[in-house]
Amino acid sequence: MSVFRIQGGETLRGEVVVPGAKNSVLKLMAATLLAPGLSTLTNVPDIEDVTIMSELLRRLGCEVKHVDETIFIQVPLRPDHRADYDLVRKMRASICVLGPLIARCGAADVAVPGGDNIGSRGLDMHVEALRKMGVHVNNEHGYLLAECEGLTGANILLDFPSVGATETILMAAVTARGESVIENAAREPEIVDICEMLVGMGADIAGIGTSTITITGVSDLTPITHRVVSDRIVAGTWAVAVAMAQGELTIHGVPAEHIALPLEKLQATGAQIDSGGQTIHVRMDTRPQCVDVVTLPFPGFPTDLQPQFIALNAIGQGASLVTENLFEARFRFVQELARLGADVRTDGHHALIRGKEKLSGAPVEATDIRAGAGLVLAGLVAQGSTTVYGVSHIDRGYAHFVETLQGLGANILRVDE
Ligand code: EPU
């Protein structure tokens, strides 16, 4: 078992290049199922979730080969249509094969992922939308069993701009008969990325990046070579790290508009931010001011940066209120932050954080990817030594996490215990 050992107190300085987004690449890998033949994805991050998704695609009959940051996926004429529980339980994003499998095979048996450490994660919008498109879906023995005679386009008004449901509908609709309209669609950069890839494969999609997406079904799609959009959450994590530890950082590869609100919040903490093109420069010379944050779907503040901002507020001047609107259990990690001396009280969707001048190092346990990132950032500024357990969560979503921080001057080691 690996742990991260951190000696707090170093400032951070240097440059980072941000890899492709976890929350895009997994769906793009699933989308390759829509066209038999060889598809190629570039800018693929070296993370555990990509390994799990590759294994899932292999079980569906694909040949998958990784060469550095490129992944080659050879999709068979007749893929298998079963996603087993042993893989789905490792990575709930496996559910993203549901849409392409029903489109390609007319059937999909996908294990129900269940909840995880950030809360119960519903699938009702995915299922309801597929039913509207003519799919029979039953939940039996822990599997969603979906089948249809032929998908037909439908008008779908989502209760909430769900990222996953928008992706399932997109992948089902691109080859459905007739027109589908998704209203209240998600608008995340990762949604724009998958739409652009599908269009490159021959799909007819209008309204990309807006909350009304119109898809006119085409008879078939062709394989593609596509570059994965860079990971705005990784970029935001490094920016917060510098705002906490102080120093100077240039982040390459991510347009500032993908994290406009987090960057505005960092400016409010006292950080100097300059951006242009695909480069963001962050400089911090003082202890941060606390900032309030409310998580919402894009372009609102991303829930995936909420734990990192709680960590920042924990050492900030003043007090702040953080409101979590997406995942009800995402505050669980504050009990671990409290082990470092943070003063955080939670009540339902709200966390009240009173900034402390100093945190003190201690052993802590990461319970999910972003909680893990938040705890590491806190460890970087805590006095003395912090050991972070549960780092497999961090490895699922951050490529070369320790090496990147070491390159910026942090005193952090991966140790096998
Ligand atoms: N929801 C339902 N029913 C549904 C679909 C969603 O109730 O049918 C609820 C969820 O339970 C949740 C909320 O709607 O409370 C948002 O869910 P959404 O579908 O938007 O999220 P997701 O697709 O499950 C993706 C990312 C998350 C990220 C969210 C929001 C991937 C693999 N995961 O999840 O990433 O937080 O969008 O941006 O793309 C992470 O990277 O740490 C992570 C959790």
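Reading the values: rules and limits
Residues numbered from 1 in each chain as written. Predicted model: local features only at pLDDT ≥ 70, side-chain atom pairs only at ≥ 80, totals over all residues. Heavy atoms only, no water. Helix = DSSP H or I, 4+ residues; strand = E, 2+ residues; numbered from the N terminus. Near = heavy atom within 4 Å. Polar contact = N/O pair within 3.5 Å; in protein donor to acceptor, adjacent residues only side chain to side chain. Areas by Shrake-Rupley, 256 points an atom, 1.4 Å probe, with all protein chains shown as cover. Nonpolar A, V, L, I, M, F, W, Y, C, P; charged D, E, K, R; others polar. Domains from an automatic or database assignment. Phe/Tyr/Trp six-rings, centres within 6.5 Å; stacked < 30°, edge-to-face > 60°. Buried < 20%, exposed > 50% of the residue type's maximum accessible area, 1.4 Å probe, protein only. Lys NZ or Arg CZ within 6 Å of the ring centre and 35° of its normal. Contact = heavy atoms within 4.5 Å. Buried area = accessible area lost by both parts, 1.4 Å probe. Salt bridge = Lys/Arg side-chain N within 4 Å of Asp/Glu carboxyl O.

**Student:** I'm lost on the environment of His141 in this one. Help?
**Tutor:** Here His141 is to be found in the loop between strand E8 (136-140) and strand E9 (143-147). Expressed as a C-alpha distance, the spacing of His141 and Ala111, which sit 30 residues apart in the sequence, is 8.8 Å.

**Student:** What is the right way to read the site of the ligand from this model?
**Tutor:** Inspection of the region around the ligand gives 23 residues, with Lys27, Asp124, Ser162, Asp304 and Leu326 positioned closest. Take Asp124: an N or O atom from its side chain is 2.7 Å from a nitrogen atom of the ligand. Within the side chain of Ser162, an N or O atom sits 2.6 Å from an oxygen atom of the ligand. For the ligand, whose unbound accessible area comes to 840 Å², protein coverage reaches 86%. Partitioning the shell around the ligand into residue classes produces eight nonpolar, seven polar and eight charged. Each of domain 1 (2-19 + 231-416) and domain 2 (22-227) accounts for three or more of the residues forming the shell around the ligand.

**Student:** Explanation requested: the packing of aromatic side chains in the structure shown.
**Tutor:** Geometry of an aromatic ring pair is reported as the spacing of the ring centres plus the angle between the planes. Scanning the entire structure with this criterion turns up five aromatic pairs. Pairing Phe301 with Phe309 gives two aromatic rings, centres 4.9 Å apart and planes at 85°, and the pair type is edge-to-face. For the pair Phe301 and Phe309, one class covers both residues: buried. Ring pairing ties together the aromatic residues Phe4, Trp238, Tyr398 and Phe401, which thus form one cluster. Between Lys65 and the ring centre of Phe72, over which it is positioned, the NZ or CZ distance is 5.9 Å. Just above the ring of Tyr143 sits the side chain of Arg82; from NZ or CZ to the centre is 4.2 Å.

**Student:** Honestly, the side chain of His226 in this entry has me stumped. Any pointers?
**Tutor:** Relative to the assigned elements, His226 resides in strand E14 (residues 225-227). Of the residues examined, His226 reaches a relative accessible area of 11% and is grouped as buried. Within polar-contact distance, the side chain of His226 engages the side chain of Asp193 at 2.8 Å. Each residue touching His226, except ones within four places of it in the same chain, is listed here: Leu28, Thr40, Leu41, Thr42, Asp193, Glu196 and Met197.

**Student:** Got a minute to help me understand the domain arrangement of the protein in this structure?
**Tutor:** In many analyses, interface size is given as the accessible surface area lost on bringing the parts together. Domain annotation of the protein identifies domain 1 (2-19 + 231-416) and domain 2 (22-227). Here domain 1 and domain 2 have C-alpha centroids that lie 30 Å from each other. Listed as interface residues are 25 residues of domain 1 and, on the opposing side, 22 residues of domain 2. Both faces combined, the contact of domain 1 with domain 2 buries some 1,900 Å², and carbon together with sulfur accounts for 53% of it. Seen at the junction of domain 1 and domain 2, the total is two salt bridges. Here Arg396 and Asp49 are joined by a salt bridge, their closest N and O atoms 2.8 Å apart. The tally of links from domain 1 across to domain 2 stands at seven residue pairs in polar contact (both at pLDDT 80 or more). Breaking the side of domain 1 that touches domain 2 down by element, the ones donating at least two residues are helix H12 (369-381) and helix H13 (392-397).

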